[in-house]
Each structure stands twice: as C-alpha cells, then as structure tokens.
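# Secondary and tertiary structure notes
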Amino acid sequence: MTAYYKPITYRVTEQEDGWLLKTVLQRRLGVSRKLLSRIKLTERGVMLNGERVFISVPVKPGDMVSISLEQEISEDILPEPIPFDIVYEDEALLIVNKAPGIIVHPTHGHYTGTLANGVVHYWREKGEAVRFRPVHRLDQETSGIIAIAKNAYIHQHISEQLIAGQVTKKYAALVHGCPASPDGLIDGPIDRDPLEPHRRIVTPSGYPALTYYKVSACYGLGALVELRLGTGRTHQIRVHMTSIGHPLIGDKLYTWSTAQGTEGQNMSASVLDAAIGRQALHAAELGFRHPLTGEDLLFRAPLPPDMETLRRKLECGE
C-alpha cells in the first residue's frame, strides 16, 4: 500500500466560489504545473472533501482541498552514522549548520562521507521516509546554514523564493587586507577563465553578478566582512573579493597572487592561509517564509571554531 506524507490542506472561501479546483491548487496552494501533473495521477494526490476528483471540477465555499505527496527515500544514498549539527527541524524542513570540509551531496568519487549520507542515516533511525533534497548548496570548505526540504512541495516553494530574491542569505568571510570602503557593491560579470576552466573570473563578457559587502572589523592584515548575494554565480563571493584585491584567507584557488591590485603573494598572506587551511567563508544567516505556515523564519550560525580562532589571531596581530 502506498504511504503518503501528511496532507496539505486549504478551505475554499467565498471569493473562490466557482473556481476550478486546478486554479485553487495553483493560486492558493501554489502547486507548480510540474508537481500537479505528478500528484493528480496518484490515488490520494488531489482530494476535494475527502474524495478523489478531477482538477477541472468547480469548487464552492467551505470545500476542503487537500494534496498528498507519496513518501520517498533516497535509495541511491548509503546511510552512514555521520554526526551533524541540527539547527531546526519540523515536518517540512531540516536546517543544518554544516561543518567545513564535508560535501553536501554524493558526487563522482565521493559516494560516502557526505552530509547526505549522515542525514539519510538520521532519518532512517527516526523511522522517517524522506528523500534528501537540499534547497541550495555550499562548497565543501564553506561552513554554515543549509536548508533541506522534506518533500517536493516544500523544495518547490523555497526554490521559488530563492529565484524571486525573497530569501535572506548572509555570509561571513575573513579576507586578506582591509577594503578601503566600509561597504559597497561589487558589480562584476563572472564567467569561466578560458585558460583555467575550473576557475571563474570577472570579465565584461560574463554573466551579471552582484555582491554586497560590509566590513565588520579591520585587523590590519585582514578583515571580517559580511556579504550578501544579489545573484548566485558559482564561486561568486570568492571571485568578487579577489577581484577587488581582498581574497578570502585560506582560499587555494583564488589567492593573493591572483587578486587585482596586488604584486604577488607575500609571507604574511601565506602564514594566514596556512593558519586555517580552507577558505574562510561561513553561511551565517538564512531566512525565508515557511511554505506551510507562512511564518518568516531566520536561522543564524556563529563563526565556526577555526574561523573564530583565526579572527582572534588577526585581532591580536599574531
């Protein structure tokens, strides 16, 4: 027998009298065309007053509309007892403070040891049938807040908020040197480096990219910077901060020697890079509207130990 997640419901109002059920599903529950095509074929996918009906039927005030999604599991992800930091969890969401050095999702050559392996194991131990659906990604070396949706409906709604620019995403970074301006906008199109395709560069022919920054503290050799993305290009923060001469401390790909306005890597930069061993970038805040309750959620994660240790060294001038 097919198992379903808890139904998502909506009661028809006077304003919607005579609307087609399809219209209610799309306008009030926000079901995408793709998801609607999928769930209407299942036995309990779309119900009106507890009965399965065609989505072309009209509705009347007081009618109870419900959608149910079939339970799923990530059959291609091996469960592993990998510890991770849970910030928040409910029937729809899992919010995790990802540690640096862990990959989010299995990839070619990395089938185990990922956050996904640990989350799948955690859900299995709880007896939850859930498929791993990260709403966004973080680089392996980047730490911080990441949202994982527990079903396709939740994933769709948060993804739409991301596309519409309705999601708050703030990062904290430790960079070489101190930007001359305490805050600013980096407007620099990004594309692949034709000489090194795995790298990105700022180039007039690239894709539009906007990064807002604010200097939280200057320490002489480095600075703590708050960043907010206006777009979501690959490596955007790392590329943009390098382009203005302030690459992230510890970044092995975008280094002091590749930064504009510098004359090559110096000894102090090398020492700082070695002090942390990974790019000093942390997803500090994530905020969005809960797809089921409509509540505005905001999650924060403090600087991880390695970045806090480096910050203190900078502060003390070590």
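Below, the structure is looked at part by part. (Residues numbered from 1 in each chain as written. Predicted model: local features only at pLDDT ≥ 70, side-chain atom pairs only at ≥ 80, totals over all residues. Heavy atoms only, no water.)

Pairing is antiparallel across the open sheet formed by four strands, whose spatial order is β1-β4-β2-β3. Both edges of this open sheet fall to β1 (8–11) and β3 (51–52), since each of them pairs with a single strand only. Where strand β2 (residues 46–48) and strand β4 (residues 64–67) come together, three bridges link them in antiparallel fashion. The partner of M47 across the bridge, within β4, is S66. (Pairing = 2+ DSSP bridges. Helix = DSSP H or I, 4+ residues; strand = E, 2+ residues; numbered from the N terminus.)

The next point concerns helix α7 (residues 305–316). Taking 1.5 Å of rise per residue, the 12 residues of α7 would be expected to cover 16 Å, and the 16 Å separating its terminal C-alpha atoms lies within 8% of that figure. Those residues of α7 that fall on the buried side of the exposure criterion are M307, E308, L310, R311 and L314. Looking straight down α7, one finds its buried side chains confined to an arc of 160 degrees; they lie on one side. With respect to the buried face of α7, the exposed residues turned more than 90 degrees away are P305, R312 and C316. (Expected span 1.5 Å × (residues − 1). Buried < 20%, exposed > 50% of the residue type's maximum accessible area, 1.4 Å probe, protein only. Arc of directions from axis to C-beta.)

The subject of this paragraph is the pairing of strand β8 (residues 143–149). By the criterion of burial, β8 is predominantly enclosed, with seven of the seven residues buried. The pairing of strand β6 (residues 93–98) with β8 spans six bridges and is classified as antiparallel. Within the sheet, the bridge partner assigned to N97 lies in β8 and is I145.

Turning to the nonpolar core, a few remarks are in order. Core analysis: the largest hydrophobic core is formed by 66 residues, its most contacted members being L25, L29, V31, I67, F132, Y153 and F288. Filtering out sequence-adjacent residues up to four positions away, L29 remains in contact with I8, T9, Y10, V24, V65, I67, Y153 and H157. Grouped together as the second largest cluster of nonpolar side chains are 12 residues, A172, Y219, L224 and A284 included. (Core = buried A, V, L, I, M, F, W, Y, C linked by side-chain atoms within 4.5 Å. Contact = heavy atoms within 4.5 Å.)

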